[in-house]
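Results of the structural survey
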Amino acid sequence: MSDEPQPGAEMRLVVVGAAGRMGRMLVKTINETPGATLSAALEAAGSIALGQDAGLLAGCGELGVRITDDPLVAFVKADGVIDFSVPEASVAHAGLAAQARIVHVIGTTGLSAQDLQAIDAAARHAVIVRSGNMSLGVNLMAALVKRVAHALGPEFDIEIIEMHHRMKVDAPSGTALLLGEAAAAGRGIELASSSVRARDGHTGRRSSGDIGFAALRGGTVVGEHAVIFAGNWERIELVHRAEDRAIFAHGAVKAALWGRGRKPGHYAMADVLGLADI
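Please read all numbers here as calculations on a predicted model, not as lab measurements.

The rules behind the values
Throughout this document, residue positions are counted from 1 along each chain, in the order its sequence is written. A pLDDT threshold of at least 70 governs which residues receive local features in this predicted model, and a stricter bar of 80 or more applies before side-chain atom pairs are shown or counted, although totals over entire chains, interfaces and linings include all residues. Excluded from the side-chain calculations are hydrogens and water; all other atoms, namely the structure's heavy atoms, are used. Each helix is a run of DSSP H or I of at least 4 residues and each strand a run of E of at least 2, with the numbering of both proceeding from the N terminus. Type-normalised accessible area, obtained with a 1.4 Å probe on protein chains alone, sets the label of each residue: buried when under 20%, exposed when over 50%, and partly exposed for intermediate values. Residues are treated as being in contact if the distance between any of their heavy atoms lies within 4.5 Å. Surface exposure here means Shrake-Rupley accessible area, sampled with a 1.4 Å probe, where a residue is shielded only by the protein chains that are shown. Here the positive residues are Lys and Arg and the negative ones are Asp and Glu; neither His nor the chain ends is included. By convention, the point assigned to a charge is CZ for Arg, NZ for Lys, CD for Glu and CG for Asp. Strand pairing is assigned whenever DSSP detects at least two bridges linking the two strands. Fitted lines through C-alpha atoms serve as axes, helices being fitted only where they are in contact, and the angles separating the N-to-C directions of these axes extend from 0 to 180 degrees. Small angles under 35 degrees read as roughly parallel and large ones over 145 as roughly antiparallel, with 65 to 115 read as roughly perpendicular and the rest as oblique. Left-handed describes a crossing whose near helix is turned anticlockwise from the far helix through less than a right angle; right-handed describes the clockwise counterpart. Under the scheme applied here, ten amino acids are nonpolar (Ala, Val, Leu, Ile, Met, Phe, Trp, Tyr, Cys and Pro), four are charged (Asp, Glu, Lys and Arg), and all others, including Gly, are polar. A helix is expected to reach a length of 1.5 Å times the quantity of its residues less one.

Helices and strands together make up the secondary structure of the chain, namely 9 helices and 12 strands. Considered along the principal axes of its C-alpha atoms, the chain spans approximately 60 × 40 × 30 Å. By residue count, 46% of the 278 residues in the chain fall in the buried class. In the chain, 70% of the contacts between residues at least 6 apart in sequence involve partners at least 24 apart. Accessible area of the chain: about 13800 Å², with a carbon and sulfur share of 52%. Positive and negative charge centroids in the chain, built from 26 and 30 side chains respectively, lie 2 Å apart.

This part is about the sheet that holds strand β8 (residues 195-196). Spatially, the 5 strands line up as an open sheet ordered β8-β9-β7-β10-β11, and their pairing is mixed. Both edges of this open sheet fall to β8 and β11 (234-242), since each of them pairs with a single strand only. Lying on the sheet, helix α7 (residues 174-187) is in contact with β7 (157-164), β9 (211-217) and β10 (223-231); it crosses β7 at an angle near 165°.

Next up on the list: the pairing of β9. Of the pairings in the sheet, the one linking β7 to β9 comprises 7 bridges and is parallel in character. What sits directly across from Ile158, in β9, is Ile211. Bridge count between β8 and β9: 2 bridges; the pairing is parallel. Residue pairing across strands places Val196 opposite Gly212, the latter belonging to β9.

It is the contact of helix α1 (residues 21-32) with helix α8 (residues 246-259), at a shortest axis distance of 9 Å, that shows an interaxial angle of 55°. As judged from the angle between their axes, α1 and α8 are oblique. The way α1 lies across α8 gives a crossing that is right-handed. Across from Met22, Met25, Leu26, Thr29 and Ile30 in α1, the residues of α8 making contact are Ala246, Phe248, Ala249, His250, Ala252 and Val253. A breakdown of the residues in the contact of α1 with α8 according to their chemical character gives 9 nonpolar, 2 polar and no charged.

This part is about α7. Here α7 contains 14 residues, and its C-alpha end-to-end distance of 20 Å stays within 8% of the 20 Å for a straight helix at 1.5 Å per residue. Summarising burial for α7: 10 of the 14 residues are buried, a large majority. The set of residues buried in α7 consists of Gly174, Thr175, Ala176, Leu179, Gly180, Ala182, Ala183, Ala184, Gly186 and Arg187. Elements that come into contact with the buried residues of α7 comprise α6 (136-152), β7, β9 and β10.

This is the structure we're talking about:
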């Protein structure tokens, strides 16, 4: 169990993957956010960043926090952890967060059904906030997608298009799936039984109720998503363009601060932003 914080004390946060692009942005954002402080920075065993000062690496000055590969020690001394890593690591960290009874913010994408079951189990003892996208704009867009899908009904076909940088390894993106889940919820259907991930060759006519996905990769695009509602003789498009990874870091830190002192559970950014009932 983590040491009990004093009333009004800054929230002690751990950053997973502190040497990566997102990790460096998180370190910088935590350093700039009132009420938050960086208590530890993690990297995988063997990383060339081990032992380096996380603040210097992030470009925000020396913070006295050396990058380590020992999550157990880091979590015991923290109030929360922010984790944009890989599914296997995030699942392991969720278990450690449950043991330490701390907040775990997960921005990792590509999680399997089995991974989500493990995270649900950990959420019985930890506050876990998980989202395929931590930005305010995307989560507001998801709320709008849900309402539009409900209002328009199956007469309008739904297609989701996303584009990311050439280095992204999973598709569709976590954000695209978040938007797809919102569309399916608006229609009262299950996304798993309605999504179409690929079209090639002679596919036949589009089935009514399908939610289609298309993934584009190239360049240095941070993230672009469009949800298209295509009806007879008219089309509605909701679009979000991420121009800087800072929006994800600010959202993740906001989620961590929101989760402090709450009851254990598996929460979403919609809960953090008060959008869950929209």
